[in-house]
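Chain by chain, the residues run as shown.
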Amino acid sequence: MPFLLSLYEPVNDHLAGFIKDFDPEKSALSDVFLTADEDTETFVFTLIREEKSLYRRFVEEVREFLAHHDETIILQLKEPLVRRFLPRERTRAEDFPETPVNAHIAYPLAGAYAMCGEKAPLESSPKSAHGFKPKHVYDDAEKPAETFQKMLLRKIDEKGLSDVEVYKKANLDRKLFSKIRCNEDYIPKKKTALALCAALELNLDETKDLLLRAGIALSPAFRQDRIFRYCIEHKIYDIFEINEILFYYGEPLLGI
């Protein structure tokens, strides 16, 4: 199902279904897929003209098409022409400077605890030389916590969404989501976890909580994290729009 943006590069022979100079004013995506080999799963497009109106029309066609299909669509755009028409209405360059004010490097474990306002535990393991558990170890340490997968599925149910709605909104494919659903201990990649938070339209606290279940924290030291936090705080949940902003600033996209 994914839709990805990519900077233009020479055509690779292994990219099946490459369509050069697509014109959404004269053709429809559905026509392209009807004439393609049925085994083709990835389609790479360039626009006949890199204009904002054509780009917007193409994105809307992709959005409508992928609501009912599972192909992967990649749109290649040239630099710096892409900067002319990607969204700037809701963001400013000063929102995401290269080096954030008061940024600090957050190590994965310490950073995760810091996001919760807690102190990280000591590195040493609390056990004696004979393997006995010391008395100060809390009983809660033995209780299984809600995993990322369990919390994700609970949130989906609470919001009354279907699996298909969620993985399509998250720019994921069915196979990956199936892996998550079938594995209680599944640990997703960061781009997958962030995309799912957006798909569920979680607020910032809910986002932090779900990410922690995968050992992930939003760090002010990374611009991708600052952009994602900005989107959550401003209720920008559309994965296409989030990825447009990330692409504009040269950051990795979310989803597949």
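All residue numbers refer to position in the chain's written sequence, counted from 1. Given that this is a predicted model, residues contribute local features only at a pLDDT of at least 70 and side-chain atom pairs are listed and counted only at 80 or more, while totals for whole chains, interfaces and linings are drawn from all residues. Side-chain descriptors were evaluated using all non-hydrogen atoms of the structure, hydrogens and water having been removed beforehand.

1. Some remarks on the overall build of the protein chain
Secondary structure elements follow DSSP: runs of H or I no shorter than four residues count as helices, runs of E no shorter than two count as strands, and numbering proceeds from the N terminus. A count of helical and extended segments in the protein chain gives ten helices and four strands. Counted from the first residue to the last, the protein chain has its helices and strands arranged as β-β-α-β-α-β-α-α-α-α-α-α-α-α. Partly exposed describes any residue whose relative accessible area lies between the buried limit of under 20% and the exposed limit of over 50%, with all areas from a 1.4 Å probe on protein chains only and scaled to the type maximum. The burial tally for the protein chain puts 42% of its 256 residues in the buried class. Throughout, a contact is declared for two residues whenever any of their heavy atoms are within 4.5 Å. In the protein chain, the proportion of contacts linking residues at least 24 apart, taken out of those at least 6 apart, comes to 76%. In these tables, accessible area is a Shrake-Rupley quantity obtained with a 1.4 Å probe, and a residue counts as shielded only by the protein chains included in the view. Counting every atom, the protein chain has about 14900 Å² of accessible surface; 52% of that belongs to carbon and sulfur.

2. Points about the packing of aromatic side chains
Between the rings of Phe, Tyr and Trp (Trp by its six-membered ring), a pair exists once the centres lie within 6.5 Å; its type follows the angle of the planes, with under 30 degrees stacked, over 60 edge-to-face, and the other angles tilted. Under the definition given, this model contains five aromatic pairs. Pairing F3 with F58 gives two aromatic rings, centres 6.2 Å apart and planes at 50 degrees, and the pair type is tilted. Taken together, the positions of F3 in strand β1 (residues 3–7) and F58 in helix α2 (residues 52–66) put the pair 55 residues apart, joining distant regions of the chain. The class for F3 is buried, based on a relative accessible area of 6%. Under the relative-accessibility criterion, F58 is labelled buried at 0%. On the basis of an interplanar angle of 55 degrees and a centroid distance of 5.1 Å, the ring pair of F3 and F240 is categorised as tilted. Pair noted here: F3 is in strand β1 and F240 is in helix α10 (residues 239–248), with a separation of 237 residues, a long-range link. Here the aromatic cluster, defined as three or more aromatic residues joined through ring pairs, consists of F3, F45, F58 and F240.

3. A word on unusual backbone geometry
With a phi close to 65 degrees, N171 is a non-glycine residue in the positive phi region. Within the secondary structure, N171 is located in the loop between α5 (163–169) and α6 (174–182). A relative accessible area of 0% means that N171 is categorised as buried. Here the phi dihedral of E201 falls at roughly 55 degrees; this positive angle occurs in a residue that is not glycine. Within the element layout of this structure, E201 appears in the loop between α7 (190–199) and α8 (204–212).

4. Details of the side chain of K168
Structurally, K168 can be placed in helix α5. On the basis of relative accessible area, K168 is assigned to the buried category, the value being 13%. Here a polar contact is taken to be a pair of N or O atoms separated by no more than 3.5 Å, where protein atoms must pair a possible hydrogen donor with a possible acceptor and residues adjacent in sequence count only if both atoms sit in side chains. Within the local environment of K168, its side chain forms a polar contact with the backbone oxygen of H69, the two atoms lying 2.9 Å apart.

5. Considering α6
Where α6 is concerned, the buried positions are L176, F177 and I180. Along the axis of α6, the buried residues cluster in a sector spanning 95 degrees; they form a single face. More than 90 degrees from the buried face of α6, the exposed residues found are K175, K179 and C182. Against α4 (148–158), α5 and α7 lie the buried residues of α6. The directions considered for the arc are those from the helix axis to the C-beta atoms.

6. Details of the confidence of the model for the protein chain
Note that predicted coordinates carrying low pLDDT should not be read in detail. Of all residues in the protein chain, 64% attain a pLDDT of 70 or more, and the chain-wide mean is 76. You can read pLDDT as the predictor saying how much it trusts each residue, on a scale of 0 to 100. When the criterion is pLDDT under 50, residues 13–17 qualifies, and its contacts beyond four places in sequence or with other chains add up to eight contacts. Below pLDDT 50 for its whole length, residues 100–130 participates in 30 contacts with residues either more than four positions away or in separate chains.

7. Some thoughts on the pattern of salt bridges
Here, a salt bridge means any side-chain nitrogen of Lys or Arg that lies within 4 Å of a carboxyl oxygen of Asp or Glu. Summed over the entire model, instances satisfying the criterion amount to 15 salt bridges. For R56, the salt bridge is made with E244, and the minimal N-O distance between the two is 3.0 Å. Of this pair, R56 sits in helix α2 while E244 sits in helix α10, and the two are 188 residues apart along the sequence. Look at R56 and you get partly exposed, because its relative accessible area is 29%. Close ionic contact of R181 with D163 constitutes a salt bridge, the shortest N to O distance being 2.6 Å. Here the residue R181 occupies a position in helix α6, and D163 occupies one in helix α5, the gap between them amounting to 18 residues. The class of R181 is partly exposed, set by a relative accessible area of 36%. One network of salt bridges, with partners in common, ties together E146, R154, K155, E158 and E206.

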